[in-house]
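Reading the structure
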Amino acid sequence: MKDKRIARALAENLRALGVREIVAESPASALLGAEGPVDVTSEEDLSREGVIRREKETVDRCRKCGLGSQRTHAVYGDGNEYAEIMFIGEAPGAEEDRQGLPFVGRAGQLLNRLLEQVSLKRSEVYIGNLLKCRPPENRDPLPEELTACRPYLDKQIAVIKPRIIVCLGLYAAQAILNVKESMARLRGAHHKIGDTTVIPTYHTAAALRFPAYKQQIYDDLCRARDLAYG
Ligand code: SF4
Ligand code: URA
């Protein structure tokens, strides 16, 4: 487990530095028959990144629901494909639609601050949404939109295999847990899906309106961090 984390951190650092391959120059490489560049990512890494890239391209072209024709950019998701913690929000807003990236508007900036406060880096987690395209005027997702878009999220989760899923907001929590309970009830309970722990918490957009939620999100992020790395 520890080795895996170290390897993951090393690969992440190399990727952050823009390193995609290491060219071995020592005579040992000749002895080992390793001629030319040596890829720093393992076979599994490559296929994981490859699948995510392919899925993103599919979503960029998707018209399975009415939101497809209204978007500027689809927002597939962003972050580390090897993340232990995956965040799931509701749907892109105006800024996300503009940039094609999740949680980059005001709610995203609050999420960034909270992540920083609990010493989690955005580059080590993965962030996605239930819907990959923005609903007009940020209206609530429609059931048929949630149904049409769900396979992309399920695939994303299956590929990333996070140990922890943090659901941001009631829509995400209800969709992932397949229940209709209130956030107050869902937050108080322990949830597992297979080996994955699901932590429902308030949406950071709600915390912009009701600042008291910030402390509760903070507490839930601490729990996610401790479960993932503790
Ligand atoms: Fe396709 Fe999802 Fe966008 Fe609808 S919201 S068009 S299902 S990617
Ligand atoms: N709210 C969400 O649920 N997702 C985003 O990506 C941005 C805001």
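Please refer to the structure placed before this passage.
Model, not experiment: these values are computed from the prediction. (Residues numbered from 1 in each chain as written. Chains lettered and ligands numbered in written order. Predicted model: local features only at pLDDT ≥ 70, side-chain atom pairs only at ≥ 80, totals over all residues. Heavy atoms only, no water.)

Counting buried residues in strand S8 (residues 196–201) gives 6 out of 6 residues, a clear majority hidden from the surface. The two faces of S8 match: Thr196, Val198 and Pro200 on one face and Thr197, Ile199 and Thr201 on the other face are all buried. Of the strand pairs in this sheet, strand S6 (residues 164–168) and S8 are connected by 5 bridges, and their pairing is parallel. Looking across to S8, one finds that Leu168 is bridged to Thr201. Here strand S7 (residues 191–193) pairs with S8 via 3 bridges, running antiparallel. Pairing of His191 across the sheet is with Val198, part of S8. Counting the residues in the hairpin turn of S7 and S8 gives 2 residues, including Gly194, whose phi is positive at 60 degrees. (Buried < 20%, exposed > 50% of the residue type's maximum accessible area, 1.4 Å probe, protein only. Helix = DSSP H or I, 4+ residues; strand = E, 2+ residues; numbered from the N terminus. Pairing = 2+ DSSP bridges.)

Our focus in this paragraph is the sheet that holds S6. The sheet built from 6 strands is open, its strands ordered S3-S5-S4-S6-S8-S7 with mixed pairing. Strands with a single pairing partner mark the edges of an open sheet, and in this sheet they are strand S3 (78–79) and S7. Summarising the sheet, strand S4 (residues 85–89) and strand S5 (residues 126–129) pair through 4 bridges and their orientation is parallel. Bridge pairing in S5 links Met86 to Tyr126.

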